[in-house]
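# Survey of secondary and tertiary structure
The chain contents come next:
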Amino acid sequence: MGRLAIIFGPPGSGKGTQSRLVSDSLDFCHLSTGDMLREASNIGSDLGLKARELMDSGNLVPDDMVNGIVAAHIHGLDGKKDVLLDGYPRTMEQAYALDRSLMGTQYNVNVVLSLTVRDSVLKERILNRKVCTSCGSIFGVPVSVLEPCGNCGGKLVVRGDDNLEALSDRLQVYRERTLPILNFYSDRGLVVVIDAERPVPEIFSSISKELSKFY
Ligand SMILES: [Zn+2]
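Being a predicted model, the structure only gives us computed values, none of them experimental.

This part is about the overall build of the protein chain. Scanning the protein chain for helices and strands turns up eight helices and eight strands. Against the 2.2 N^0.38 benchmark of 17 Å for 215 residues, the protein chain shows a C-alpha radius of gyration of 18 Å, consistent with a compact globule. Structurally, the protein chain occupies a C-alpha span of about 55 × 40 × 30 Å along its principal axes. Within the span of the protein chain, comprising 215 residues, buried residues form 43% of the whole. For the protein chain, the share of sequence-separated contacts (at least 6 apart) that also reach a separation of at least 24 residues comes to 71%. Working note: accessible area of the protein chain is about 11300 Å², and carbon and sulfur atoms make up 53% of it. Separation of charge centres in the protein chain, based on 24 positive and 27 negative side chains, amounts to 3 Å.

Okay, here's the thing in structure tokens:
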């Protein structure tokens, strides 16, 4: 029987980094809604092409399509792999759908990891974030804009969309959207708050400890 964890975290919380560590070091299957939708559209399935069309026109992919894609991935794993859900569930409808799709599988929601960072810290992090114009690598605070990319030697620039107003909007959307879902899982005693203001290895160590409780 595989473990199943859900990870939540606001933009700039390092959720992407932690998800990669959980998948690389602990051998979890990292199911990210964004990746799954892109993959479906690359394969060219009807569902995937429809999803691509919606995303390209700036629309949200409807719950039933996302639910279908996630359920298919989870069923395909057949309980043999541990699963980390990232970007799902995003709405209460999706949370109910997840419960329904887990029925009759080898999975339960074991734990919901909620990465928390104060807004002031997120703002500082995001404003200092630089991206390589050649390879797309992202760098945090200690890197000067004048330095070349540590990966490829390319030029680093401050990301244009990382301005404060856009960040405030994204944080507000994140909070409003996530709060009901976190409450839903809190009522079942599944939410673990992870202090994500600490260095990456410390955060990962806390996450590993939580996941190890469900062997
Ligand atoms: Zn680069």
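This next bit is on the domain arrangement of the protein chain. The domain boundaries assigned to the protein chain delineate domain 1 (4–117 + 176–212) and domain 2 (119–162). With centres defined by C-alpha atoms, the gap from domain 1 to domain 2 works out at 26 Å. On the side of domain 2, six residues touch domain 1, which itself brings seven residues to the contact. Carbon and sulfur atoms make up 55% of the surface buried where domain 1 meets domain 2, a total of about 510 Å² over both sides. Taken as a group, Gly12, Val117 and Glu197 account for 75% of the area that domain 1 buries against domain 2, more than any other trio of residues on that side. Between domain 1 and domain 2 we count zero salt bridges in total.

This part takes up the coordination of the zinc ion. At this site the zinc ion is bound by Cys132 (SG), Cys135 (SG), Cys149 (SG) and Cys152 (SG), with donor distances of 2.2 to 2.3 Å. On the primary sequence, the residues serving as donors to the zinc ion are separated as C-x2-C-x13-C-x2-C. Taken together, the residues cysteine 132 in strand β5 (residues 130–132) and cysteine 152 in the loop between β6 (138–139) and β7 (156–158) connect sequence positions 20 residues apart. Its relative accessible area of 4% is what places cysteine 132 among the buried residues.

All right, on to the pattern of salt bridges then. Enumeration over the complete set of coordinates arrives at ten salt bridges. Lysine 50 is paired through a salt bridge with glutamate 53; the nearest N and O atoms lie 4.0 Å apart. With lysine 50 and glutamate 53 both in helix α3 (residues 46–56) and three residues apart, the pair spans about one turn of that helix. On the basis of relative accessibility, which here comes to 40%, the residue lysine 50 falls in the partly exposed class. In this structure, arginine 118 and glutamate 197 form a salt bridge, with 2.6 Å as the shortest nitrogen-oxygen distance. With arginine 118 in the loop between β4 (111–116) and α6 (119–127) and glutamate 197 in the loop between β8 (191–195) and α8 (200–212), this pair connects stretches of sequence that are 79 residues apart.

Another aspect to go through is the packing of helix α2 (residues 33–43) against α3. At a closest axis distance of 7 Å, the pairing of α2 and α3 adopts a crossing angle of 120°. In terms of their interaxial angle, α2 and α3 are classed as oblique. Handedness of the crossing formed by α2 with α3: left-handed. From α2, Leu37, Ala40, Ser41 and Asn42 reach across to α3, where they touch Gly48, Leu49, Ala51, Arg52 and Met55.

Proteins that are soluble and globular tend to have nonpolar side chains buried together. Grouped together as the largest cluster of nonpolar side chains are 33 residues, with contacts concentrated most on Leu4, Ile6, Ile74, Leu85, Leu98, Val109 and Tyr185. Those elements giving two or more residues to this core turn out to be β1 (4–8), β2 (28–32), α2, α3, α4 (63–77), β3 (82–86), α5 (92–102) and α7 (164–186). Among the elements that take part in this core, α4 stands out by supplying six residues, more than any other. What isoleucine 74 contacts, discounting residues up to four positions off in sequence, is Leu4, Leu31, Leu85, Leu98, Leu102 and Tyr107.

The rules behind each value
- Here the residue index of a chain counts from 1 through its sequence in written order.
- Totals for whole chains, interfaces and linings use every residue, but because this is a predicted model, local features are given only for residues with pLDDT of at least 70 and side-chain atom pairs only at 80 or more, for both listing and counting.
- Only hydrogens and water are set aside when side-chain values are computed; all heavy atoms of the structure are taken into account.
- Only DSSP runs of H or I covering at least 4 residues are called helices, and only runs of E covering at least 2 are called strands; the numbering of each starts at the N terminus.
- The globule rule is 2.2 Å times the number of residues to the power 0.38, and the radius of gyration it is compared with is taken over C-alpha atoms.
- The buried label goes to any residue with under 20% of its type's maximum accessible area, the exposed label to any with over 50%, and the partly exposed label to all in between, with areas taken from a 1.4 Å probe on protein chains only.
- Any two residues whose heavy atoms approach within 4.5 Å are treated as being in contact.
- Per-residue and other accessible areas follow the Shrake-Rupley method at a 1.4 Å probe size, with only the shown protein chains counted as cover for residues.
- His is not counted, nor are the chain ends, whereas Lys and Arg count as positive and Asp and Glu as negative.
- By convention, the charge on Lys lies at NZ, on Arg at CZ, on Asp at CG and on Glu at CD.
- Either an automatic procedure or a domain database provided the assignment from which the domain bounds are taken.
- Buried area, as used here, totals the accessible surface that two parts lose on assembly, with accessibility defined by a 1.4 Å probe and the loss added over both.
- Any Lys or Arg side-chain nitrogen found within 4 Å of a carboxyl oxygen on Asp or Glu counts as a salt bridge.
- Donor atoms (N, O, S) are those found within 2.8 Å of the metal centre, with the cutoff raised to 3.2 Å for Na, K and Ca; water is not part of the atom list, so apparent gaps in a site can occur.
- Structural elements are reduced to axes, namely lines fitted to C-alpha atoms, with helices fitted over the stretch in contact, and the angle between N-to-C directions of any two is expressed from 0 to 180 degrees.
- In this scheme, roughly parallel covers angles under 35 degrees and roughly antiparallel covers those over 145, while 65 to 115 is roughly perpendicular and the rest are oblique.
- Crossing handedness follows the turn of the near helix against the far one: under a right angle anticlockwise gives a left-handed crossing, and clockwise gives a right-handed one.
- The set of buried Ala, Val, Leu, Ile, Met, Phe, Trp, Tyr and Cys residues whose side-chain atoms join them within 4.5 Å is what this entry labels a nonpolar core.

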